[in-house]
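# Structural overview for review
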Amino acid sequence: MNAIDRLRNEGYSIGLLRIRYVRPFPPEEDISGWINGMRGGIIVFDRDYSAGMGGVLAGEINGLVPNNVSFEGVLAGLGGFDVSADEFKAIMRDFVDKTEREGLVRIRKYWYIPKIER
């Protein structure tokens, strides 16, 4: 939430939907109602990967997102690496900027690999 609040303070109009479990998947009506209220785009952060498909949650959500809404599935935090608030903000800013610059963006699988300092 800290990163979301900081981005809002910077003027970004963003929200957060936190899904706490994937199975059983929450009712589609609940998620679709939230998705239909989105104007700019939807980005899904996944910590779970399905070989050949990308993020598990992104796959579920992608099927509910209308084709005229930008969507990006980000695989981050794999292998025990956490995503810091600053990294989260950078990924969100990049998505918003890309959507504003290019229009409709549909990326199912984007890997975020943090820089490891030794």
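Higher on the page you've got the structure.
The structure contained in this document is the topic of the report that follows. None of the values given here were measured: they were computed from a predicted structure. (Residues numbered from 1 in each chain as written. Predicted model: local features only at pLDDT ≥ 70, side-chain atom pairs only at ≥ 80, totals over all residues. Heavy atoms only, no water.)

## A closer look at the pattern of salt bridges
Going through the model one piece at a time under the given rule, you end up with nine salt bridges. With a shortest N-O distance of 3.7 Å, lysine 98 and aspartate 94 are connected by a salt bridge. You can see lysine 98 and its partner aspartate 94 sitting in helix α4 (residues 85-102), four residues apart, about one turn around the helix. (Salt bridge = Lys/Arg side-chain N within 4 Å of Asp/Glu carboxyl O. Helix = DSSP H or I, 4+ residues; strand = E, 2+ residues; numbered from the N terminus.)

## Things to note about the layout of surface pockets
Taking a probe equal in size to a water molecule and rolling it over the atoms shows the remaining empty space. Estimates place the volume of the largest pocket at around 1,400 Å³. What lines the largest pocket is a set of 43 residues, and nearest its centre among them are Leu16, Ile43, Phe45, Phe88 and Met92. Every element with two or more residues in the lining of the largest pocket is listed here: α1 (2-9), β1 (41-46), α3 (56-62) and α4. In terms of residue count, the dominant contributor to the lining of the largest pocket is α4 (seven residues). Its residues placed into classes, the lining of the largest pocket shows 26 nonpolar, 10 polar and seven charged. (1 Å grid on protein atoms, 1.4 Å probe; cavity = no way out; pocket = protein on both sides within 12 Å on 5 of 7 lines; lining within 4 Å. Points joined across faces, edges and corners; volume = space filled by probe spheres on them. Nonpolar A, V, L, I, M, F, W, Y, C, P; charged D, E, K, R; others polar.)

## What to know about α1
For α1, the complete set of buried residues consists of Ala3, Ile4 and Leu7. With its buried residues spanning 100 degrees around the axis, α1 presents them on a single face. Those residues of α1 that are buried are in contact with α4. Looking one or two residues past α1, glycine 11 carries a phi angle of roughly 105 degrees, positive in sign. (Buried < 20%, exposed > 50% of the residue type's maximum accessible area, 1.4 Å probe, protein only. Arc of directions from axis to C-beta. Contact = heavy atoms within 4.5 Å.)

## Brief notes about the pairing of strand β4 (residues 70-75)
Burial analysis of β4 places six of its six residues in the buried class, which makes it a mostly covered element. Side chains Ser70, Glu72 and Val74 project from β4 onto one buried face, and the interleaved Phe71, Gly73 and Leu75 project onto a second face that is buried too. Each parallel crossover has a hand, and the one from β4 via α4 to strand β5 (residues 106-111) is left-handed. (Right-handed = clockwise from strand over helix to strand, strands pointing away.)

## Focus: the environment of phenylalanine 88
With respect to the helices, strands and loops of the structure, phenylalanine 88 is situated in helix α4. The exposure class of phenylalanine 88 is buried, given its relative accessible area of 17%. In contact with phenylalanine 88, other than residues within four places in its own chain, are Ala3, Ile4, Phe45 and Val83.

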